[in-house]
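Spelled out from the first residue to the last, the chains are:
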Amino acid sequence: MLRSKLAKISLATITVLGFGTTTLSADTLGEVQKQGFVKCGVDGGLPGFSEVGSDGIYKGIDVDVCRAVAAAVFGDAKKVKYIALNAKERLTALQSGEIDMLSRNTTWTETRDTSLGLNFAGVNYYDGQGFMVTKKLGVKSAKELDGASICLQTGTTTELNVADYFRSHKLKYKIVSYDTNDQVVKAYESGRCDVLTSDQSQLYGLRIKLLKPEDSIVLPEVISKEPLGPVVRKGDGKWFDIVRWSFYAMVTAEESGVTSKNVDAMLKSDNPDIKRLLGVEGQMGENLGLKKDFAYNIVKQVGNYGESFESTVGEGSPLKIKRGYNALWNQGGLQYAPPFR
């Protein structure tokens, strides 16, 4: 059940799908500009990705994508209204128009991309599902989990992945499901299940919520591909492009060595790629229906992709996750942005 009134949006079409009715907005940018902020669906309780700090400010790598879009549209990364959603309601909230975009550690799958009236605008975190257990269980591999009870969050891809993995390895298991991450953590901590499963990045984030994080370990097996990224509704190509290229601006800035600290100096760069990125030359912003300095505002206020990763989930954060697959393509990773050209 959605917790707030549906947004008033102009309708291009209404398509009845297997998972419900999807509302498509013909001019999301116009609606966003009229309301004065971006309504961004997030988790709100997942360290490193999206959580509310003691100061009441949302922080995380998913939050930074929301902020980047706001910086692109308004020139002000603060113009975001965050709406915390659990896994079950997140896609419905986007379909219905309650939010303008979803940036909530959501896996890009064929079904979600083709049958729900949604479009994934990129991958801001390459992940894979794993398992966390207490050290006292004495398990060092997921292959030793025969007969285990497994806690997970409903409305995610994790349950199907578990079923596939355990069936293929001829292992028995029991699912214990909950609506929110906090409920999953409490159940795991109280001993209602032997194992907590989720994307590995989430496991590291959830582990620091435990009273005794050092008593749990993440097993080495990664049992799935989980490309996580921002999502928008189908039917509005302009808004899709804005969200996609706001994220790609962060990746391109890192590729080009442009940071939040040197971006002003980089305005004088002789590098044509940097000139196009920052709006000194070309029509990159105009092509999106934005101002020419949209990417400059993103980098200045939010940072490049590497800066965001480092401060939210990377070595400079409590999670201390290594870049791995999320390193740039020219540094052994998968992060790659099409040219600003």
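**Q** Would you mind going over the pairing of strand E13 (residues 173-178) with me for this structure?
**A** As a general feature of sheets, a regular strand has side chains that alternate between the two faces. Here six bridges tie strand E12 (residues 148-153) to E13, and the two strands are oriented parallel to one another. Residue Gln153 lies in a different strand from E13, and its bridge partner there is Tyr178. Running through helix H5 (residues 158-168), the crossover from E12 to the neighbouring parallel element E13 is right-handed.

**Q** Explain helix H8 (residues 237-256) here, please?
**A** An α-helical segment advances 3.6 residues per turn. Residues three or four places apart therefore align on the same side. The terminal C-alpha atoms of H8 lie 27 Å apart, and with 20 residues this matches the ideal 28 Å at 1.5 Å per residue to within 8%. Here H8 lies mainly inside the structure; 14 of its 20 residues are buried. Phi turns positive one or two residues past the end of H8, at Gly257, with a value near 75 degrees.

**Q** I would appreciate a short explanation of the state of the cysteines in the present structure.
**A** Linking two cysteines covalently through their sulfur atoms gives a disulfide. Here the structure, examined in full by the defined rule, presents two disulfides. Two residues share a disulfide in this structure: Cys151 and Cys193, whose sulfurs sit 2.1 Å from each other. Residues Cys151 and Cys193 are joined by a disulfide whose S-S torsion is about -110 degrees; by sign, that bridge is left-handed. Here the residue Cys151 occupies a position in strand E12, and Cys193 occupies one in the loop between helix H6 (181-189) and strand E14 (195-199), the gap between them amounting to 42 residues. Each bonded cysteine of the chain gets a number by its place in the sequence, and the pairs then read 1-2, 3-4.

**Q** Whenever I open this one, the nonpolar core confuses me. Can you help?
**A** If you look at soluble globular proteins, the nonpolar side chains tend to sit buried side by side. Counting residues in each nonpolar core, the largest one holds 73 residues, and the members touching the most others are Met101, Trp239 and Phe294. By residue number, the principal contributor to this core is H8, which donates 11 residues. Of all hydrophobic cores here, the second largest spans 14 residues; its members include Ala142, Leu145, Ile150 and Leu171.

**Q** Help me understand the sheet that holds strand E11 (residues 129-134) in this model?
**A** Strands pair in a sheet through their backbones, by hydrogen bonds, and they do so in one of two ways: parallel or antiparallel. The five strands are arranged E13-E12-E14-E11-E15 in an open sheet whose pairing can be described as mixed. The open sheet has two free edges, formed respectively by E13 and strand E15 (216-218), since each of these has just one partner strand. For this sheet, the mean inter-axis angle between neighbouring strands, taken without regard to orientation, is 30 degrees. Across two bridges, the pairing between E12 and E14 is parallel. The partner of Cys151 across the bridge, within E14, is Leu196. Seen against the sheet, helix H7 (residues 200-207) touches E11, E14 and E15 and runs at an angle of roughly 125 degrees to E14.

**Q** Just checking my understanding: could you explain empty space enclosed by the protein for this structure?
**A** Empty space left among the atoms is revealed by rolling a probe the size of a water molecule over them. One pass over the structure, following the stated rule, counts three cavities of 30 Å³ or more. Its volume calculated, the largest cavity comes out at about 90 Å³. Lining the largest cavity are 15 residues; nearest its centre among them are Arg90, Asn105, Thr156, Asp199 and Gln202. Split into classes, the residues belonging to the lining of the largest cavity amount to no nonpolar, nine polar and six charged.

**Q** Teacher, can you tell me more about the packing of aromatic side chains here?
**A** To describe a pair of aromatic rings, you give the distance between the ring centres and the angle between the ring planes. Enumeration according to the criterion identifies 15 aromatic pairs in this entry. Judged by centre distance (5.8 Å) and plane angle (85 degrees), the rings of Phe247 and Tyr305 are edge-to-face. Remark: Tyr305 occurs in helix H13 (residues 305-312) and Phe247 occurs in helix H8; sequence separation between them is 58 residues. For Tyr305, a relative accessible area of 1% puts it in the buried group.

**Q** Even after reading the chapter, I still don't get the sheet that holds strand E6 (residues 58-59), so can you show me in this structure?
**A** Spatial ordering of the open sheet is given by E4-E5-E6, a layout of three strands whose pairing is antiparallel. The strands lining the two open edges of the sheet, one partner per strand, are strand E4 (45-46) and E6. Judged from the two bridges that link them, E4 and strand E5 (residues 50-52) form a sheet pairing that is antiparallel. Bridge pairing in E5 places Gly45 opposite Glu51.

**Q** Just checking my understanding: could you explain the environment of Arg276 for this structure?
**A** Inspection of the secondary structure assignment puts Arg276 in helix H10 (residues 272-278). In this structure the C-alpha to C-alpha distance between Arg276 and Ala295, which are 19 residues apart in sequence, comes to 9.5 Å. Look past the residues within four positions of Arg276 in its chain and what remains in contact with it is Glu281, Met284, Phe340 and Arg341. A polar atom in the side chain of Arg276 sits 2.5 Å from the side chain of Asp273.

**Q** Please explain the packing of helix H2 (residues 61-74) against H8 as it appears in this structure.
**A** Two quantities define a packed helix pair, namely the angle between the axes and the distance from one axis to the other. The N-to-C vectors of H2 and H8 enclose an angle of 110 degrees; their axes lie 9 Å apart at closest approach. Relative to H8, the element H2 lies roughly perpendicular. At the point where H2 passes H8, the crossing takes the right-handed sense. Of H8, the residues touching H2 (which contributes Asp64, Ala68, Val69, Ala72 and Val73) are Trp239, Ile242, Val243, Ser246 and Met250. The class makeup of the residues in the contact of H2 with H8 is eight nonpolar, one polar and one charged.

Thresholds applied
- Residues numbered from 1 in each chain as written.
- Predicted model: local features only at pLDDT ≥ 70, side-chain atom pairs only at ≥ 80, totals over all residues.
- Heavy atoms only, no water.
- Pairing = 2+ DSSP bridges.
- Helix = DSSP H or I, 4+ residues; strand = E, 2+ residues; numbered from the N terminus.
- Right-handed = clockwise from strand over helix to strand, strands pointing away.
- Expected span 1.5 Å × (residues − 1).
- Buried < 20%, exposed > 50% of the residue type's maximum accessible area, 1.4 Å probe, protein only.
- Disulfide = S-S within 2.5 Å.
- Core = buried A, V, L, I, M, F, W, Y, C linked by side-chain atoms within 4.5 Å.
- Axes fitted to C-alpha atoms, helices over the stretch in contact; angles between N-to-C directions.
- Contact = heavy atoms within 4.5 Å.
- 1 Å grid on protein atoms, 1.4 Å probe; cavity = no way out; pocket = protein on both sides within 12 Å on 5 of 7 lines; lining within 4 Å.
- Points joined across faces, edges and corners; volume = space filled by probe spheres on them.
- Nonpolar A, V, L, I, M, F, W, Y, C, P; charged D, E, K, R; others polar.
- Phe/Tyr/Trp six-rings, centres within 6.5 Å; stacked < 30°, edge-to-face > 60°.
- Polar contact = N/O pair within 3.5 Å; in protein donor to acceptor, adjacent residues only side chain to side chain.
- Parallel < 35°, antiparallel > 145°, perpendicular 65-115°, else oblique.
- Left-handed = near helix turned anticlockwise from the far one by under 90°.

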